[in-house]
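# Coordinates in review
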Amino acid sequence: VKDLLQNGPSKEAKEREMDGKFFAAYVNGMLNFSRSGVSQSVSTALANLPEFQNLKTMIDIGGAHGLDCIATVSKHSSMTGVVFDRPPVVAMAQKTITQYGMEDRIDVLGGDYTTDSIGNAYDLVYAKGALNFAGPALHSVIEKIYDSLNKGGVFVSIHDGLKNEKTQPEDLVISWLPTAMSLIDVSFERHII
């Protein structure tokens, strides 16, 4: 942090952090955190949606390790899923899917959701923390999500929102600080209507 404050991010650090290998290492750190109950909480909330029992297919955009998709599909008798993320990351997701014995119900798809196809015919499109990285492509990504949904499909977005000129809530500002200092500001601003 001291070096970043004094010298700013290096070009090499920026390139490394946008590389899929950086995200793969980051995902490895998120894996155990998600195992601590986060994925179960998310899947319980999704299973409580009124539409849940009628959903047959889901995609987890930016699904990282795949645990949210695994936990959600596990709560349904026949749902299948896709974990979409960068190729080095979905290689890790595939290992997690295999570890949980879900290979027959969950596939992986590698790519960049801002430029590549995410597929179609989904009943549930789920994105948690991934859209922060869409940047100027956010509008086209939302259109892509809409187009990928079956009629009556559900889009669930779990993302943060900062307020007071992105200075609050303090714990959220602190959580985004390393990214903001070394790469770009990917936080969303909360708009209260």
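Residues numbered from 1 in each chain as written. Predicted model: local features only at pLDDT ≥ 70, side-chain atom pairs only at ≥ 80, totals over all residues. Heavy atoms only, no water.

### Brief notes about the confidence of the model for the protein
For the protein, per-residue confidence averages 83 on the pLDDT scale, and 68% of positions sit at 70 or higher. Looking across the protein, the model is least confident in helix α2 (residues 11-18), with a mean pLDDT of 53, and most confident in strand β1 (residues 57-61), with 98. (pLDDT = per-residue confidence, 0-100. Helix = DSSP H or I, 4+ residues; strand = E, 2+ residues; numbered from the N terminus.)

### Some thoughts on the pattern of salt bridges
Counted under the stated rule, the structure contains 1 salt bridge. Between Lys 128 and Asp 68 there is a salt bridge, with its nearest N and O atoms 2.8 Å apart. Placement of the pair is Lys 128 in strand β4 (residues 122-128) and Asp 68 in helix α4 (residues 67-74), with a sequence separation of 60 residues. Accessibility expressed as a relative area gives 27% for Lys 128, which makes it partly exposed. (Salt bridge = Lys/Arg side-chain N within 4 Å of Asp/Glu carboxyl O. Buried < 20%, exposed > 50% of the residue type's maximum accessible area, 1.4 Å probe, protein only.)

### Here's the deal with the pairing of strand β2 (residues 80-85)
Note on strand geometry: in a regular strand, side chains alternate between the two faces of the sheet. Taking burial as the measure, the 6 residues of β2 include 5 buried ones, the bulk of the element. Sheet topology places β1 next to β2; 5 bridges connect them, and they run parallel. Paired with Thr 57 across the two strands is Thr 80, which belongs to β2. In terms of handedness, the path from β1 via α4 over to β2 forms a crossover that is right-handed. As defined by bridge partners, β2 adjoins strand β3 (residues 106-110) across 5 bridges and the pair is classed as parallel. By the bridge assignment, Asp 85 is partnered in β3 with Gly 110. (Pairing = 2+ DSSP bridges. Right-handed = clockwise from strand over helix to strand, strands pointing away.)

### Section: the sheet that holds β3
Pairing is parallel in the open sheet, where 5 strands are placed in the order β3-β2-β1-β4-β5. Here the strands that pair on one side only, and so sit at the sheet edges, are β3 and β5 (149-158). For this sheet, the mean angle separating the axes of adjacent strands, direction not counted, is 20°. Inspection of the sheet shows β1 paired to β4 by 4 bridges, in the parallel sense. Pairing of Asp 60 across the sheet is with Tyr 126, part of β4. Along the sheet face, helix α6 (residues 138-148) touches β1, β4 and β5 and points at about 140° away from the line of β5. (Axes fitted to C-alpha atoms, helices over the stretch in contact; angles between N-to-C directions. Contact = heavy atoms within 4.5 Å.)

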